[in-house]
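The chain contents come next:
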Amino acid sequence: MPLFSSPSSKCFWITLIVFSLSYYLLIAKSTTFPTSPPPPKLCNKNPYKQLNLVLNKNGSVRRGSMPPESPPAPDPNLPTKVLSKDLPINKSKGTWARIYLPRETLDQNSKLPLLVFFHGGGFIFLSASSTIFHEFCFNMANDVVAVVASIEYRLAPEHRLPAAYEDAVEALHWIKTNQEEDDWLRYYADLSNVFLVGSSAGGNIAYNAGLRLVATGSRYDLGIPKIQGLILIQPYFGGTQMTGSEMRLANEPHLSLCNNYALWELSLPVGADRDHEYCNPMVGDGPKKIEMIRRLGWRVLVTGCGGDPLVDRQMELVRVMEMKGVKVVGHFTAGDYHGVQDTDTFKAKQLYEVVKNFISSRY
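Just so it is clear, the structure is predicted and the values come from calculations on it, not from any experiment. (Residues numbered from 1 in each chain as written. Predicted model: local features only at pLDDT ≥ 70, side-chain atom pairs only at ≥ 80, totals over all residues. Heavy atoms only, no water.)

> Is there a simple way to explain the pattern of salt bridges in this structure?
Think of it this way: side chains of opposite charge can pair up when their charged atoms draw near. If you walk through the whole model with that rule in mind, you get 12 salt bridges. The closest approach of N and O atoms between E170 and K93, which form a salt bridge, is 3.4 Å. With E170 in helix α4 (residues 163-177) and K93 in the loop between β3 (82-90) and β4 (95-102), this residue pair connects regions lying 77 residues apart in the sequence. One salt bridge in this structure joins K324 and E291, with 3.0 Å as the shortest N-O distance. On the criterion of sequence distance, the pair formed by K324 in the loop between α10 (311-323) and β10 (327-333) and E291 in helix α9 (residues 286-296) is long-range, its members being 33 residues apart. Given the relative accessible area of 25%, K324 is considered partly exposed. Salt bridges linked by common partners bring R154, E166 and D167 together as one network. (Salt bridge = Lys/Arg side-chain N within 4 Å of Asp/Glu carboxyl O. Helix = DSSP H or I, 4+ residues; strand = E, 2+ residues; numbered from the N terminus. Buried < 20%, exposed > 50% of the residue type's maximum accessible area, 1.4 Å probe, protein only.)

> Help me understand the sheet that holds strand β6 (residues 147-152) in this model?
Hydrogen bonds along the backbone pair up the strands of a sheet, which may run parallel or antiparallel. Read from one edge to the other, the open sheet built from eight strands follows the order β3-β4-β6-β5-β7-β8-β9-β10, with strand pairing classed as mixed. Since the sheet does not close on itself, it has two edges, and those belong to β3 and β10, each with one partner. Between one strand axis and the next, the sheet turns by 20° as a mean value, whatever way the strands run. Taken together, the five bridges between strand β5 (residues 112-118) and β6 define a ladder with parallel strand orientation. Residue L115 lies in a different strand from β6, and its bridge partner there is V148. In the packing of helix α3 (residues 131-144) onto the sheet, contacts are made with β3, β4, β5, β6, β7 (189-199) and β8 (227-233), and the angle to β4 comes to roughly 40°. In the packing of helix α12 (residues 345-360) onto the sheet, contacts are made with β5, β7, β8, β9 (299-305) and β10, and the angle to β9 comes to roughly 165°. (Pairing = 2+ DSSP bridges. Axes fitted to C-alpha atoms, helices over the stretch in contact; angles between N-to-C directions. Contact = heavy atoms within 4.5 Å.)

> Where do I start with the UniProt feature "transmembrane region" (unreviewed entry) in the protein in this structure?
Here, the residues flagged by UniProt with the feature "transmembrane region" (unreviewed entry) are residues 12-28 and 112-133. Strand forms 32% of residues 112-133 and helix 14%; the C-alpha atoms that close the span are 21 Å apart. (UniProt positions renumbered as here; feature names shortened; annotations may be inferred.)

> Would you mind going over the nonpolar core with me for this structure?
With 74 residues, the main nonpolar core has L114, V116, Y207, I293, V300 and M321 as its most contacted residues. L115, F195, V197 and Y352 belong to the second-largest nonpolar core, a separate cluster that totals 24 residues. (Core = buried A, V, L, I, M, F, W, Y, C linked by side-chain atoms within 4.5 Å.)

Given below as structure tokens:
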């Protein structure tokens, strides 16, 4: 029997269809369906004001109040677990090293691993003498039981990248050539057991300085200490495409993406974007350079935490290194935030134990 067999039935079905459509539209309008969260609103404030920076016309910046600094303590008669002293590297560039030596080493004949440390600060801020990093290196030398050389490098934007990488490589040559001139380096630092260590931007410096060394192939050990590997603590990397963790933690107060982007803008070569090789290790020849790390047999430790907007990039670096056959260890914890080890002594102590185990292992 046809659907519309008579005028009355035709009217009935048309009325039913209209009613059904109206009811469906009413329900759809009043029902909330799950949708993807909107992208975070970035940079709705002046990042330079938030960073306490004033841009000068000549490309430099005026920084706000100076963070606290701590002097070295070289006197063995002082009641301190770790001695420290400053040694100049390149006076024309204003670079120098603060050496940390566990006091107990003075009574021993064996040499200790040498950790060459590069501090954080987004390439823009802070110093090897900043109290936050002085205490970090002091405690790292004591807990890991190692000699630490914390390097003062030139800051951006007055000295944009690769200036910090150049200073890092120069510091390694300086350590090698000055070993015989400094008693601490000569008698207590094992220059055949050296690790490049850095936190945040310092982790980026350790990584990129390491790449500059491995690019020389078999000649990498000429004029520099014997490097065993890299220790990258929440390394500072980026890119133009946002990651899941950057989306999720875009407004994280310890490292908002707005401030993050501003730091990169002031640090990278003029005109470069965040897909420059200094910022994004996954672009260009970055993956091929990782293969050179494998060929040299370097071991790599990468640490991070779930509360850091950069954690996805750090984990991606570990995955690529694993695929390339690098001897890499990824140590990632839940929660926390970018730079947690600089302000939380308990978290720092846990990190020192991870570093100590990594250095002593033969993985």
